[in-house]
Amino acid sequence: MQHFPIFMAVAGRRIVVSGGGDAALAKLRLLFKTEARLTVFAADPAPEIRAWADQGRLRLVTRAMEPGDATCAVLFYAADEDAAEDARSSAIARADGALVNVVDNLEDSEFITPAIVDRDPVTVAIGTEGAAPVLARAIKADLEERLPASLGPLARIGKGFRKLAEALPFGRARRDFWSDYYFNAGPRAIADGPDAVRPALDDLLARHLARESRPGHVAFVGSGPGDPDLLTLKARKALDTADVVIYDRLVTPEILELARREATMIDVGKEAFGPSTPQATIDALIVEHAQKGAQVVRLKSGDPTVFGRLDEEIEACEAAGVTWHIVPGITAASAAVASIGQSLTRRGRNSSVRFLTGHDMKGFADHDWAVLARPGEVAAIYMGKKAARFVQGRLIMHGADRATPVTVVANASRADQRVLDTTLDALPADLANAGLDGPALTFIGLAPRAAALAMAEIPHDARKEFA
Ligand code: SAH
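No experiment lies behind these values; they were computed from the predicted model shown. (Residues numbered from 1 in each chain as written. Predicted model: local features only at pLDDT ≥ 70, side-chain atom pairs only at ≥ 80, totals over all residues. Heavy atoms only, no water.)

**Description of the packing of aromatic side chains**
Applying the stated criterion to the full structure yields 12 aromatic pairs. On the numbers, 5.7 Å between centres and 75 degrees between planes, the contact of Trp-178 with Tyr-181 is edge-to-face. Residue Trp-178 and its partner Tyr-181 are located together in helix H7 (residues 172–190), separated by three residues, close to a single helical turn. Tyr-181 shares its class with Trp-178; the two are buried. Ring pairs connect the aromatic residues Phe-161, Phe-177, Trp-178, Tyr-181 and Tyr-182, which therefore count as one cluster. (Phe/Tyr/Trp six-rings, centres within 6.5 Å; stacked < 30°, edge-to-face > 60°. Helix = DSSP H or I, 4+ residues; strand = E, 2+ residues; numbered from the N terminus. Buried < 20%, exposed > 50% of the residue type's maximum accessible area, 1.4 Å probe, protein only.)

So this is what it looks like as structure tokens:
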């Protein structure tokens with residue numbers, strides 16, 4: 001950094017300009033934004049400068065600079081539009097002890113004037129050390145567009161409120177309050193006139209104080225199988241009020257859309273057999289945000305209590321003293337069984353149903369295959385696509401009928417839902433041929449009801465009309 005940016009107090013202090021043409025005019029227009037005492041030396045000043053002098057906005061001396069003319073000046077601008085005169089006048093000013101700027105001459109200047117975005121008292125200064133004036137102008141234009149014109153008055157009113165806002169704890173709470181003021185409540189209030197701003201500030205502070213008294217909390221929320229219509233009302237409400245949403249890979253974009261617009265969205269997507277965010281990192285993230293006072297929604301596909309590693313996350317909360325609750329969701333087995341028009345249990349067929357995982361952390365998961373192989377048993381296998389051959393082998397080894405019905409439902413409840421109707425015997429081959437993409441649930445012992453299968457042929461969007 002060749003030039004160190006500072007904001008200089010110039011109110012009531014002396015700034016001297018040498019020159020009476022366009023360059024001097026441009027500098028003077030800028031200097032009028034300050035409360036400095038301005039003196040101009042110009043043998044032949046432009047009419048505007050004479051007029052300003054007549055209005056008492058500056059002192060005009062209609063001759064060239066002489067030694068002593070810049071005494072007590074803090075800043076001096078050489079705007080003579082003549083290299084020799086600039087050199088002469090700036091040498092005088094320097095000798096008189098002023099900091100010197102020679103217009104359009106970076107090398108001979110002791111300071112440079114940045115591009116300025118003026119929302120007094122908010123001032124943004126942009127400098128490129130003379131390297132890229134075009135860039136400085138582009139940044140300025142960008143900021144001019146982005147910073148509301150009301151920022152100045154808002155900052156002035158806000159300044160008078162600083163003491164009262166100290167009722168909020170230092171740090172995030174206070175920052176959130178001010179950013180809410182400058183970017184939401186403030187601009188809305190000032191649209192009704194400057195008098196509306198102060199009551200809006202009182203109101204905003206009351207709301208933030210109420211929010212602060214609420215400690216951080218974690219809601220473990222089930223997002224259901226993917227169709228946003230299958231979210232519970234409680235899940236919707238939790239998403240509406242979340243400060244932070246930490247979500248899994250299987251949560252669909254349509255559901256993420258429903259989160260509060262200001263919420264921080266964190267993807268901790270886990271891919272079976274693939275790259276994943278380590279569980280310990282997820283646990284730490286949840287706790288970290290809750291401890292900062294955030295309302296955290298830990299969004300898990302289906303029901304959070306089913307194959308969701310929920311307990312590890314709850315234990316992390318408890319260890320950190322963070323409060324939590326669970327919002328149940330519709331698990332994939334419920335959505336998948338609905339799509340094939342069956343029930344999970346049925347009088348006379350099966351009085352129990354098992355939810356199995358195809359694999360666990362150690363590889364393919366082992367189960368009580370002898371029980372599962374009995375006629376009439378129903379099992380819903382999660383994460384079962386890769387384990388299909390293993391499951392088939394184990395069941396047949398324990399005496400299962402090769403003709404046992406098996407149904408695989410991929411993307412249950414979503415627009416791209418697909419149903420594979422097969423048998424234990426043909427499962428691995430049919431599954432390989434079907435090339436199902438996306439999460440899939442496998443039912444052992446259930447075939448789609450014929451009518452439901454016919455329904456599956458009807459395009460998803462049209463189904464509602466038939467239902
Ligand atoms: N907690 C989730 C299950 C997480 S394990 C629940 O209750 O549904 C992830 C497995 O769930 C996937 O491998 C797949 O077997 C199943 N799954 C999740 N969403 C599914 C969907 N829309 N259709 C079919 N299976 C799904």
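Now that the structure has been shown, the text picks up again.
**What about the domain arrangement of the protein chain?**
What the domain assignment reports for the protein chain is domain 1 (14–113), domain 2 (151–210), domain 3 (217–330) and domain 4 (333–466). Computed over C-alpha atoms, the centres of domain 2 and domain 4 are 57 Å apart. (Domains from an automatic or database assignment.)

**Let's talk about the packing of helix H11 (residues 279–291) against helix H12 (residues 310–320)**
Taken N-terminus to C-terminus, the directions of H11 and H12 make an angle of 40 degrees; their axes are 9 Å apart at the nearest point. The angle between H11 and H12 places the two elements in the oblique class. In this structure, H11 meets H12 at a crossing whose hand is right-handed. The segment H11 lies against H12, with Gln-279, Ile-282, Asp-283, Ile-286, Val-287 and Gln-291 engaging Glu-312, Glu-313, Ala-316, Cys-317 and Ala-320. The residue inventory of the contact of H11 with H12, partitioned by class, reads six nonpolar, two polar and three charged. (Axes fitted to C-alpha atoms, helices over the stretch in contact; angles between N-to-C directions. Parallel < 35°, antiparallel > 145°, perpendicular 65-115°, else oblique. Left-handed = near helix turned anticlockwise from the far one by under 90°. Contact = heavy atoms within 4.5 Å. Nonpolar A, V, L, I, M, F, W, Y, C, P; charged D, E, K, R; others polar.)

**A look at the pattern of salt bridges**
Per the stated rule, a full pass over the model turns up 20 salt bridges. Arg-88 is the partner of Glu-85 in a salt bridge, and the nearest nitrogen-oxygen pair spans 3.0 Å. Of the two residues, Glu-85 and Arg-88 are both situated in helix H3 (residues 83–95); the distance of three residues between them amounts to about one turn of the helix. A relative accessible area of 21% places Glu-85 in the partly exposed class. (Salt bridge = Lys/Arg side-chain N within 4 Å of Asp/Glu carboxyl O.)

**Some details on the sheet that holds strand E11 (residues 295–300)**
Remark on secondary structure: sheet strands pair via backbone hydrogen bonds, oriented parallel or antiparallel. Strand order across the open sheet formed by five strands is E10-E9-E11-E8-E12, with parallel pairing between neighbours. Strands at the two margins of the open sheet, each flanked by one partner only, are strand E10 (264–267) and strand E12 (323–327). For this sheet the average axis-to-axis angle between neighbouring strands, irrespective of direction, equals 20 degrees. Here strand E9 (residues 244–247) pairs with E11 via four bridges, running parallel. (Pairing = 2+ DSSP bridges.)

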